[in-house]
Amino acid sequence: VSKETGTATDEIQVEVEAILEEMAHRLQLSTVRFFAFTLSKIFKTLFSSICVNEEGIQRLQQAIQEHPVVLLPSHRSYMDFLLVSYILYTYDLALPVIAAGMGLLNIVMDPFLKGEVFDVSLVPVSISYERTLEETLYARELLGIPKPKESTSVSYPISSVYCEQSWISISFARDLGVFS
């Protein structure tokens, strides 16, 4: 990067550290509780029921005690990461660190390569919606129309999408050890 941009390595190092610091996973309990309360109100308004596979939750609790766990939700809605975080909070489980692409790969591989962990468990998460918030966006995507860049404004017009409440079903599959 230094050669390509003509910027000194020290400057790039400082910039990288600043970006990583901004991305750092810092939990503030008051903020977490506020968002959990807010999400519970929103979800109760939007959904008639959220069905969670209790066996899957029990398996997830066990897996978390044995190894670091990477949740792999089926990504059908911008709501997925909020929903998974809310469910984990509700069941008194550690909140996930949200990552995708190379960030996800780094989260999984770095601790293993540094010898900090001996295995990582992958847990597929199935999230089924009766209706997704982005129904029309999803249909357009299936027709080959490019997906817009993710942002909160894409899923914001919730009231126009939901005339009636719908349901969601969440199931946590058995964990799969990556290295064992």
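Residues numbered from 1 in each chain as written. Predicted model: local features only at pLDDT ≥ 70, side-chain atom pairs only at ≥ 80, totals over all residues. Heavy atoms only, no water.

For the chain, the name recorded in an unreviewed UniProt entry is Phospholipid/glycerol acyltransferase domain-containing protein, with Xenoophorus captivus as its organism. The record held by UniProt for the chain lists under Subcellular location (unreviewed entry) the comment "Endomembrane system". (UniProt positions renumbered as here; feature names shortened; annotations may be inferred.)

**Q** Whenever I open this one, the overall build of the chain confuses me. Can you help?
**A** Of regular secondary structure, the chain possesses eight helices and five strands. Helices and strands in the chain line up, N terminus first, as α-α-α-β-α-β-α-α-β-α-α-β-β. For the chain, the residues scored as buried account for 25% of the 180 residues in total. Sequence-distant contacts in the chain: of pairs separated by 6 or more residues, those separated by 24 or more amount to 85%. When the accessible surface of the chain is summed, it comes to about 12,300 Å², and 58% of that surface belongs to carbon and sulfur atoms. (Helix = DSSP H or I, 4+ residues; strand = E, 2+ residues; numbered from the N terminus. Buried < 20%, exposed > 50% of the residue type's maximum accessible area, 1.4 Å probe, protein only. Contact = heavy atoms within 4.5 Å. Areas by Shrake-Rupley, 256 points an atom, 1.4 Å probe, with all protein chains shown as cover.)

**Q** Mind showing me how you'd approach the nonpolar core here?
**A** It is characteristic of soluble globular proteins that their nonpolar side chains tend to be buried jointly. Judged by nonpolar contacts, the single largest core of 23 residues is most densely connected at Leu 71, Ile 127, Ile 170 and Phe 172. Only α3 (29–46), β1 (47–52), α4 (54–66), α5 (80–90), β3 (121–129) and β4 (166–172) provide two or more residues apiece to this core. Ranked by the residues each element gives to this core, the list is headed by α5, at five residues. If near-sequence neighbours (up to four positions away) are discounted, Phe 172 is found in contact with Val 52, Gly 56, Ile 57, Arg 59, Leu 60, Leu 71, Ile 87, Leu 88, Val 123, Pro 124 and Val 125. (Core = buried A, V, L, I, M, F, W, Y, C linked by side-chain atoms within 4.5 Å.)

**Q** What am I meant to see in α5 here?
**A** Note: α-helices contain 3.6 residues per turn, so residues at a spacing of three or four share the same orientation. Looking at α5, one finds that the buried residues are Asp 80, Leu 83, Val 84, Ser 85, Tyr 86, Ile 87 and Leu 88. Residues of α5 that are buried make contact with α3, β1, α4, β2 (69–73), β3 and β4. Two residues or fewer after α5 comes Asp 92, characterised by a positive phi angle close to 60°.

**Q** Which parts of the structure should I look at to understand the environment of Glu 54?
**A** Looking at where Glu 54 falls in the secondary structure, it is placed in helix α4. By relative accessible area, which is 42% here, Glu 54 ends up partly exposed.

**Q** It is not clear to me how the packing of α3 against α5 should be interpreted in this structure. Could you clarify?
**A** With their axes 10 Å apart at the nearest point, α3 and α5 run at an angle of 110° to one another. Comparing the axis directions of α3 and α5 gives the class roughly perpendicular. Of the two elements, α3 crosses α5, and the hand of that crossing is left-handed. In this structure, α3 contributes Val 32, Arg 33, Ala 36, Leu 39, Ser 40 and Phe 43 to the contact, and α5 contributes Leu 82, Leu 83, Tyr 86 and Tyr 89. Tallied by class, the residues present in the contact of α3 with α5 amount to eight nonpolar, one polar and one charged. (Axes fitted to C-alpha atoms, helices over the stretch in contact; angles between N-to-C directions. Parallel < 35°, antiparallel > 145°, perpendicular 65-115°, else oblique. Left-handed = near helix turned anticlockwise from the far one by under 90°. Nonpolar A, V, L, I, M, F, W, Y, C, P; charged D, E, K, R; others polar.)

**Q** What should I look at first to understand a nonpolar patch on the surface in this one?
**A** On the surface, a nonpolar cluster with roughly 260 Å² of combined accessible area is contributed by Phe 81, Leu 82 and Ile 98. With respect to the helices and strands, Ile 98 occurs in the loop between α5 and α6 (101–113). Its relative accessible area of 52% is what places Ile 98 among the exposed residues. (Patch = residues over 30% accessible without salt bridge, like charges linked within 9 Å, V, L, I, M, F, W, Y side chains within 5 Å. Salt bridge = Lys/Arg side-chain N within 4 Å of Asp/Glu carboxyl O.)

**Q** Explain the pattern of salt bridges here, please?
**A** Pairing between side chains of opposite charge can happen when the charged atoms of each approach one another. Applying the stated criterion to the full structure yields one salt bridge. The partner of Glu 55 in a salt bridge is Arg 59, and the shortest N-O contact between them spans 3.7 Å. Of this pair, Glu 55 and Arg 59 both sit in helix α4, four residues apart, roughly one helical turn.

**Q** Which parts of the structure should I look at to understand the environment of Leu 72?
**A** For Leu 72, the position within the fold is in strand β2. Of the residues examined, Leu 72 reaches a relative accessible area of 34% and is grouped as partly exposed. A C-alpha to C-alpha distance of 4.6 Å links Leu 72 and Pro 124, two positions 52 residues apart in sequence. Residues in contact with Leu 72, not counting those within four places in the same chain, are Leu 104, Leu 122, Val 123, Pro 124 and Val 125.

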